[in-house]
Amino acid sequence: MKILDFIKNNILVLDGGMGTLLQSRGLGAGELPERWNITHPDIVRSIHQSYYDAGANSVSTNTFGANLLKFSREELEEVIKAAIENVRAAKEASENKSEKFIAFDIGPLGKLLKPYGDLDFEDAVALFAENVKLAEKYGADYIFIETMNDSYETKAALLAAKENSSLPVFVSNAYGSDGRLMTGASPAAMIALLEGMGADAIGANCSLGPDQLVSVANELLKYASVPVLLKPNAGLPEIRDGKTVYDITPDQFAKKVSELVDLGIGIAGGCCGTTPEYIEKLSALCCDKKPRAIEKKNHSLVSSYTHAVDLNNSPILIGERINPTGKKLFKQALRDHDLDYILKEGLDQEAAGVHILDVNVGLPEINEAEMIREVVCELQAICPLPLQIDTSDPEAMESALRRYNGKAMINSVNGKPESMSAVFPLVKKYGGVVVALTLDENGIPTDADGRIEIAKKILAEAEKYGIDKKNIIFDTLTLTVSSDKNSAMVTIEALRRVKNELGANTVLGVSNVSFGLPNRDVLNGIFFTCAMENGLSAAIMNPYSAEMMKAYHCFKVLHGLDENCAEYIDFASNLTNITANSPQSAIKSEKNDSTESLKDAIIKGLREKAREITVKELESSKPLDLVKENIIPALDTVGKGFETGKVYLPGLLMSAEAAKTAFEPISAALSQEKDNSERMTIVMATVKGDIHDIGKNIVTLLLENYGFKVIDLGRDVSPERIVEEAIAQKAPLVGLSALMTTTVPAMEETVKLLRASLPDCKIMVGGAVLTEEYAKMIGADFYAPDAMGAVRIAESICVS
Ligand code: B12
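Residues numbered from 1 in each chain as written. Predicted model: local features only at pLDDT ≥ 70, side-chain atom pairs only at ≥ 80, totals over all residues. Heavy atoms only, no water.

### Side note on the packing of helix α13 (residues 339-352) against helix α14 (residues 368-382)
Then comes step 1: Two elements in contact, α13 and α14, have axes separated by 10 Å at closest approach and are oriented at 50°. With respect to each other, α13 and α14 are oriented oblique. Crossing handedness for the pair α13 and α14: right-handed. Residue-level inspection shows Leu339, Ile342, Leu343, Gly346 and Leu347 of α13 in contact with α14, the latter providing Met371, Glu374, Val375, Glu378, Leu379 and Ile382.
Then comes step 2: Of the residues belonging to the contact of α13 with α14, the class tally is eight nonpolar, one polar and two charged. (Axes fitted to C-alpha atoms, helices over the stretch in contact; angles between N-to-C directions. Helix = DSSP H or I, 4+ residues; strand = E, 2+ residues; numbered from the N terminus. Parallel < 35°, antiparallel > 145°, perpendicular 65-115°, else oblique. Left-handed = near helix turned anticlockwise from the far one by under 90°. Contact = heavy atoms within 4.5 Å. Nonpolar A, V, L, I, M, F, W, Y, C, P; charged D, E, K, R; others polar.)

See below:
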């Protein structure tokens, strides 16, 4: 039986943990578990068989970390072939009569993707592709992508699976206790992305126990129209007698997971800490249950790397400003490749309250496919809003969709056969909600009937590609009312009928209606209200227009869509200038200045802007004042946001990058001021396990500026390496930095080793988690809260 047929009528019981079982059978620290497929096939097979014997219907190959970053091409093939054979042998040896499948396991690559890390998206796709091809070649039943904690890497893996095999693909992510992936995605965002790309089952594994995963499971079930899988840990980890143990028993585990099966989970197993005993209990409770019939959910989701936006709820605002049409400065920015100009336009619209950003960068004289890909990559690195890919060029559309970290809105397709045959395959492959214009080879029908007919034609054609109605949003086309007095009402009538008769969503670019008329915003605002009253799902609009924003907020309040009128209150109390002559400026003026300070540029992660402002500021400010007054407060703000769950890791990384670019001109300015009479050698390092180095770099910079020779060993430096260098340099002073509570022990270890090897060497420590008291506790000689303090310490040693 095929696995996809099996899961229609049966609960699929998966296996449990592998790593700890291998360790208990002798796998040493630092050994690659995947190599055991070749070196210890009997042990691997016996573990697999114990899971089949316990009642698992599916066992995963021991290939979690097998990839070309760790193995040569030949080795990889050997490992994967052996891994699949090991599961097959276990399957044949098991006497359990239930249906059995072989899952080909794919785990994360262990590297962050650009721009947060150094692995290119296409390189990640290529790495996964290698595994997928071998999985199919050696006969796995399906691909199981698991424990992914980054949405972008998950997309790369799924894309590779889809492009390189015809096997079914299940995808499972590791959610943290905040219910999100490490890089920020919510379960709804992952459903949007993965279902859009055609995953056959979607779920969660690892990181938490079944109790802590209930809300993630519920959210997955709420949005998914495919089977949902769950593979929790055996509770939460505890350290007992120096060993990691998990806090729930096999019975407790099985009971909780089977309750979740009753709620709709169709595929269940265990992750870290679970053993064949856990799976046996789980199988006993679940194997006779019947899965719930999969209900097709009607959520029209678009998503970014953090969240999903549902077009079925209240009207959605799509910012129209990233578009060169009629904008001289924007066109020039495109020609000059001034991406910061475009990014700022995105961030300003986000601040003005839009939910989605339209991205149109088409100019005849530029390479649109390259430019739109670049803008999408840059924009999604610093802005959490979903994007609408707006282009009529299918090549540009694909180039943007491929790199987009989420499920995009796609603008647009129309009723012409050549448009549908170019765009629908892209929607099917990459996912997306596509804007469908109600026009075709005969132009725009002058009446609503004609537009409805085209809409029906588009729906019928989309169905042939397997694209659901919920992923089509109709634009019934706003025409200029001053050139045809009936046009606005035809648009509205068509819109209402699309909503009511076809049950589909609708979108309009509203601003066209007022073309050629004075005070256009007034008319646009009323037309927008009229459209919302008739069922408009989303508007492509100018968020700096007070009239448009007034219409939107009033509509929401009056329709009971604004809980406690909170959004309205926030909007209206800030709108001091509603009756002024220029309503647009009331909103826009505030936003304009928003990235003019270095601090803001760093908070927003604008790298080029941060450098540009720094260079300018250096004409009138002291380099170190810029560090103190801008860079440190900016990083503090982002750090607080991170702590409170408002900023996710990518945001933190982009701010750190922006701080780094600001440092380059600061460092150059300081080295000019530097007094070259070097006084004393100091060895500096961030301790083992800690990759924070911004603070240490400032300390280094300042010490150098004060004439000390600093040997900077970088970050994540082992105690042995630090001692080695201190001895080589005969350094009278070593400076150690640590930013995390978890790396203070490494600092203590370094202090101890230094003391043992170099009793005369003084040690100063610093970093956000340290205090004077802590420093004493771990045996350091000095502590300073900032870089200037480090200089004072160095000077005191120099003098003595
Ligand atoms: C930027 C940043 C990052 C960047 C680091 C980039 C880089 N190249 O450094 C990135 C995004 C990579 C990052 C990653 C992580 N981060 Co971080 N990060 C920060 C952030 C926002 C700012 C740190 C910073 O640069 N501050 C500015 C500098 C100038 O200040 P400073 O380092 O304290 O240095 C000054 C003084 O302390 C002193 N000083 C520093 N060193 C020394 C040494 C000596 C000898 C002396 C005398 C003085 C001295 O002088 C400096 C100048 O005045 C902080 C939050 C915060 N506000 O501190 C979180 C923070 C440090 N990160 C945190 C965490 C948890 C992480 C991650 C684990 C996140 C994750 N889930 O993956 C990873 C860690 C990975 C690892 N193994 O290290 C936590 C640590 C929590 C804790 N208490 O343990 C923090 C506090 C955020 C939070 N509130 O949750 N992070």
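### Things to note about the site of the ligand
Then comes step 1: In the region of the ligand, 37 residues are neighbours, and Ile691, His692, Asp693, Ser737 and Thr741 sit closest.
Then comes step 2: The separation between a nitrogen atom of the ligand and a polar side-chain atom of Asp636 is 3.1 Å.
Then comes step 3: Going through the elements one at a time, α25 (623-643), α26 (649-673), α27 (694-705), β23 (733-737), β24 (762-766) and α31 (787-799) are the ones with two or more residues in the shell around the ligand.
Then comes step 4: Broken down by element, the residue count for the shell around the ligand peaks at six residues, all from α25.
Then comes step 5: Among the residues forming the shell around the ligand, the class breakdown is 22 nonpolar, nine polar and six charged. (Near = heavy atom within 4 Å. Polar contact = N/O pair within 3.5 Å; in protein donor to acceptor, adjacent residues only side chain to side chain.)

### Some points on the packing of aromatic side chains
Then comes step 1: Considering all chains together, one arrives at six aromatic pairs under this definition.
Then comes step 2: An angle of 25° between the planes, with centres 4.7 Å apart, marks the rings of Phe121 and Tyr152 as stacked. Here Phe121, found in helix α6 (residues 121-137), pairs with Tyr152, found in helix α7 (residues 151-164); they are 31 residues apart in sequence, far enough to count as distant. Comparing Phe121 with Tyr152 shows no difference in burial state: the two are buried.
Then comes step 3: Both rings, one in Phe330 and one in Tyr341, keep their centres 5.9 Å apart while their planes meet at 80°; by these two values the pair is edge-to-face. Highlighted residues: Phe330 in helix α12 (residues 328-335) and Tyr341 in helix α13, separated in sequence by 11 residues.
Then comes step 4: Note that Lys327 overlies the ring of Phe330, its terminal NZ or CZ placed 5.8 Å from the centroid. (Phe/Tyr/Trp six-rings, centres within 6.5 Å; stacked < 30°, edge-to-face > 60°. Buried < 20%, exposed > 50% of the residue type's maximum accessible area, 1.4 Å probe, protein only. Lys NZ or Arg CZ within 6 Å of the ring centre and 35° of its normal.)

### Concerning the sheet that holds strand β19 (residues 505-509)
Then comes step 1: Taken together, the eight strands give a closed barrel; going around it, the order is β13-β14-β15-β16-β17-β18-β19-β20, and neighbouring strands pair in parallel fashion. Looking at each pair of strands side by side, their axes are set apart by 30° on average, direction ignored.
Then comes step 2: Of the strands in this sheet, β16 (409-414), β17 (433-437) and β18 (472-475) touch helix α16 (residues 417-430), which is tilted by about 155° from β16. (Pairing = 2+ DSSP bridges.)

### Quick notes on the sheet that holds β24
Then comes step 1: If you walk across this open sheet you meet the five strands as β22-β21-β23-β24-β25, and the pairing is parallel. Strand pairing shows two members of the sheet lacking a second neighbour, β22 (709-712) and β25 (782-783), which therefore form its edges.
Then comes step 2: In the packing of helix α28 (residues 719-729) onto the sheet, the strands contacted are β21 (681-686), β22 and β23, and the crossing angle to β21 comes to about 170°.

### Remarks on the environment of Glu75
Then comes step 1: Here Glu75 lies in helix α5 (residues 73-93).
Then comes step 2: Distance from Glu75 to Arg35, taken between C-alpha atoms, is 8.9 Å for residues 40 residues apart in sequence.

### Considerations on the pairing of strand β15 (residues 387-390)
Then comes step 1: Taking every second residue as pointing to the same face, both faces of β15 are buried, with Leu387 and Ile389 on one and Gln388 and Asp390 on the other.
Then comes step 2: Of the strand pairs in this sheet, strand β14 (residues 356-359) and β15 are connected by three bridges, and their pairing is parallel. Paired with Val359 across the strands is Ile389, a residue of β15.
Then comes step 3: Once the chain exits β14 it traverses α14 before rejoining the sheet at β15, and the crossover so formed is right-handed.
Then comes step 4: Where β15 and β16 come together, three bridges link them in parallel fashion. Each residue of the ladder has a partner; that of Asp390, found in β16, is Asn411.
Then comes step 5: For the segment spanning β15, helix α15 (residues 394-403) and β16, crossover handedness is right-handed. (Right-handed = clockwise from strand over helix to strand, strands pointing away.)

### Thoughts on the confidence of the model for the protein chain
Any residue range with low pLDDT should be treated as having predicted coordinates unsuitable for detailed reading.
Then comes step 1: Put simply, the protein chain has an average pLDDT of 93, and 96% of its residues get 70 or more.
Then comes step 2: The model gives residues 578-594 a pLDDT under 50, and that stretch makes 28 contacts with residues more than four places away or in other chains. (pLDDT = per-residue confidence, 0-100.)

### Things to note about α14
Then comes step 1: Compared with an ideal rise of 1.5 Å per residue, which puts 15 residues at 21 Å, α14 spans 21 Å between its outermost C-alpha atoms and is within 8% of the ideal.
Then comes step 2: For α14, the tally of buried residues reaches 11 of 15 residues, placing the bulk of the element in the interior.
Then comes step 3: Taken together, the buried positions of α14 are occupied by Glu368, Ala369, Met371, Ile372, Val375, Val376, Cys377, Leu379, Gln380, Ala381 and Ile382.
Then comes step 4: Two or three places before Ala369, at the opening of α14, Asn367 has a side-chain oxygen 3.1 Å from that residue's backbone nitrogen. (Expected span 1.5 Å × (residues − 1).)

### Here we look at helix α19 (residues 520-533)
Then comes step 1: Spanning 14 residues, α19 covers 20 Å between terminal C-alpha atoms, matching the ideal 20 Å at 1.5 Å per step.
Then comes step 2: Listing the buried residues of α19 in full gives Asp521, Asn524, Gly525, Phe527, Phe528, Ala531 and Met532.
Then comes step 3: Downstream of α19 by a residue or two, Gly535 has a phi angle that is positive, lying close to 105°.

### Things to note about the pattern of salt bridges
Then comes step 1: With the rule as written, the count across this model stands at 41 salt bridges.
Then comes step 2: The salt bridge involving Asp440 is made with Lys457; its shortest N-O contact spans 2.9 Å. Taken together, the residues span a long stretch of sequence, with Asp440 in the loop between β17 and α17 (448-464) and Lys457 in helix α17 at a distance of 17 residues.
Then comes step 3: Of the residues examined, Asp440 reaches a relative accessible area of 9% and is grouped as buried.
Then comes step 4: On the basis of relative accessibility, which here comes to 32%, the residue Lys457 falls in the partly exposed class.
Then comes step 5: A salt bridge links Lys464 to Glu461; its shortest N-O distance comes to 2.9 Å. You can see Lys464 and its partner Glu461 sitting in helix α17, three residues apart, about one turn around the helix.
Then comes step 6: Using a relative accessible area of 22% as the deciding quantity, one classes Glu461 as partly exposed.
Then comes step 7: Taken together, the shared-partner salt bridges in this structure form one network comprising Asp120, Glu122, Glu163, Arg402, Arg403 and Lys429. (Salt bridge = Lys/Arg side-chain N within 4 Å of Asp/Glu carboxyl O.)

### A short note on unusual backbone geometry
Then comes step 1: Of note, the bond from Lys114 into Pro115 is cis; its omega dihedral lies within 30 degrees of zero at 5°.
Then comes step 2: Note on placement: Pro115 falls in the loop between β3 (101-106) and α6.
Then comes step 3: For Ser207, which is not glycine, the phi dihedral falls at a positive 60°.
Then comes step 4: Within the element layout of this structure, Ser207 appears in the loop between β6 (201-205) and α9 (214-223).
Then comes step 5: On the basis of relative accessibility, which here comes to 29%, the residue Ser207 falls in the partly exposed class.

### Regarding the nonpolar core
Then comes step 1: Counting residues in hydrophobic clusters, the biggest one holds 172 residues, and the most contacted among them are Phe424, Ile472 and Phe528.
Then comes step 2: Residue contacts for Ile472: discarding those within four places in its chain leaves Phe424, Val433, Val434, Ala436, Ile458, Leu459, Ala462, Ile467 and Asn505.
Then comes step 3: If you look at the next biggest cluster of nonpolar residues, it comprises 37 residues, including Ile682, Leu701, Leu702 and Val791. (Core = buried A, V, L, I, M, F, W, Y, C linked by side-chain atoms within 4.5 Å.)

### Some remarks on the environment of Leu112
Then comes step 1: With respect to the helices, strands and loops of the structure, Leu112 is situated in the loop between β3 and α6.
Then comes step 2: With relative accessibility at 25%, the residue Leu112 sits in the partly exposed group.
Then comes step 3: Each C-alpha atom, one on Leu112 and one on Ile38, is 29 Å from the other, the two residues being 74 residues apart in sequence.
Then comes step 4: For Leu112, the residues in contact, after removing those within four places along its chain, are Gly117, Asp118, Leu119, Met182, Thr183 and Leu653.

### Some details on the environment of His48
Then comes step 1: Following the sequence through the fold, His48 ends up in helix α4 (residues 41-54).
Then comes step 2: Here the alpha-carbon distance between His48 and Glu345, two residues 297 residues apart in the chain, equals 54 Å.
Then comes step 3: If we skip the residues at most four places from it in the chain, His48 touches Met18, Val59, Ser60, Asn62, Asn86, Val87 and Ala90.

### Brief notes about the state of the cysteines
Then comes step 1: Under the criterion given, the structure shown has zero disulfides.
Then comes step 2: Looking at Cys565, it has no disulfide partner, and the nearest cysteine sulfur is the one in Cys554, 10 Å off. (Disulfide = S-S within 2.5 Å.)

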